[in-house]
Amino acid sequence: MNEKSATVGPRCLARIRQSGFTIIELMIVVTIVSILAVIAMPAYVEYATRSKVSEAMGFMGEAKTSVSEYFYTNNEAWPISNYEAGLPGADDYDVFDFVKKLEVASVAPLGVITVTLDLPNTPADNKKLSLVPSTATGQIVWTCKPADTDGVEFKYSPANCRN
């Protein structure tokens, strides 16, 4: 073989087409992905916060059962503490992920169950959600709503609390 035939000349290089993306194309892709992330992030944060608040509703359901049972077995008197309702102490709930405190009202209106949320770095941190009982119909009807003070924002409330 001839040495000249083994080397590639300048004319051969002109015929080889380079493949890949240009820097402009890559910058356009990065810009589009960034715009999509900016649009999607607030919606995701709201969804994640709402799901964590919904988990606190499970604890409120347990408390609702205990408070209702106390009400019916004690001549329609409301419990005035967690202990009377057969629940752990209010501050004993801080061992769970998203609940800081769950308490049964000791002052009027009695029977109200309030949960304080533990959601650091979210707008719902240290906010409260309440279950308020009503016996106007002869049965206990529970209404879920943000607490009167430091209540959780409406958009973070679970679906069954958005009446």
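Just so it is clear, the model here is predicted, and its values are computed rather than measured. (Residues numbered from 1 in each chain as written. Predicted model: local features only at pLDDT ≥ 70, side-chain atom pairs only at ≥ 80, totals over all residues. Heavy atoms only, no water.)

1. Side note on the sheet that holds strand β3 (residues 128–134)
Strand order in the open sheet formed by four strands is β1-β2-β3-β4, and the pairing between neighbours is antiparallel. With partners counted over all chains shown, the strands left at the sheet margins are β1 (99–104) and β4 (141–146), one partner each. On average, each strand axis in the sheet is inclined to that of its neighbour by 15°, with strand direction left out of account. Taken together, the six bridges between β3 and β4 define a ladder with antiparallel strand orientation. Across the sheet, Val132 pairs through a bridge with Thr143, a residue of β4. (Pairing = 2+ DSSP bridges. Helix = DSSP H or I, 4+ residues; strand = E, 2+ residues; numbered from the N terminus. Axes fitted to C-alpha atoms, helices over the stretch in contact; angles between N-to-C directions.)

2. Some thoughts on unusual backbone geometry
Residue Pro109 follows Ala108 across a cis peptide bond; omega there is -5°. With respect to the secondary-structure elements, Pro109 resides in the loop between β1 and β2 (113–117). Backbone geometry at Asn75 places phi at a positive 55°, although glycine is not the residue there. Inspection of the secondary structure puts Asn75 in the loop between α3 (23–73) and β1. Accessibility expressed as a relative area gives 76% for Asn75, which makes it exposed. The phi torsion at Asp150 lies on the positive side, around 55°, for a residue other than glycine. Relative to the elements of secondary structure, Asp150 occurs in the segment after β4. (Buried < 20%, exposed > 50% of the residue type's maximum accessible area, 1.4 Å probe, protein only.)

3. Here we look at the pattern of salt bridges
Across all of its chains, the model carries three salt bridges by this definition. A salt bridge links Glu46 to Arg50, with the nearest nitrogen and oxygen atoms 3.0 Å apart. Within this pair, Glu46 and its partner Arg50 are both found in helix α3, separated by four residues, close to a single helical turn. The class of Arg50 is partly exposed, set by a relative accessible area of 22%. (Salt bridge = Lys/Arg side-chain N within 4 Å of Asp/Glu carboxyl O.)

4. Observations regarding the side chain of Ser68
Mapping Ser68 onto the fold places it in helix α3. Setting aside residues up to four positions removed in sequence, Ser68 forms contacts with Ile140 and Trp142. (Contact = heavy atoms within 4.5 Å.)

5. Some details on the layout of surface pockets
Put simply, the largest pocket is a space of about 370 Å³. Taken together, 16 residues form the lining of the largest pocket, with Ala105, Val112, Thr114, Ser130 and Ala147 sitting closest to its centre. At the level of secondary structure, the elements contributing two or more residues to the lining of the largest pocket comprise β1 and β3. Counting residues per element, the lining of the largest pocket draws most heavily on β3, which supplies three residues. Of the residues in the lining of the largest pocket, the class split is eight nonpolar, four polar and four charged. (1 Å grid on protein atoms, 1.4 Å probe; cavity = no way out; pocket = protein on both sides within 12 Å on 5 of 7 lines; lining within 4 Å. Points joined across faces, edges and corners; volume = space filled by probe spheres on them. Nonpolar A, V, L, I, M, F, W, Y, C, P; charged D, E, K, R; others polar.)

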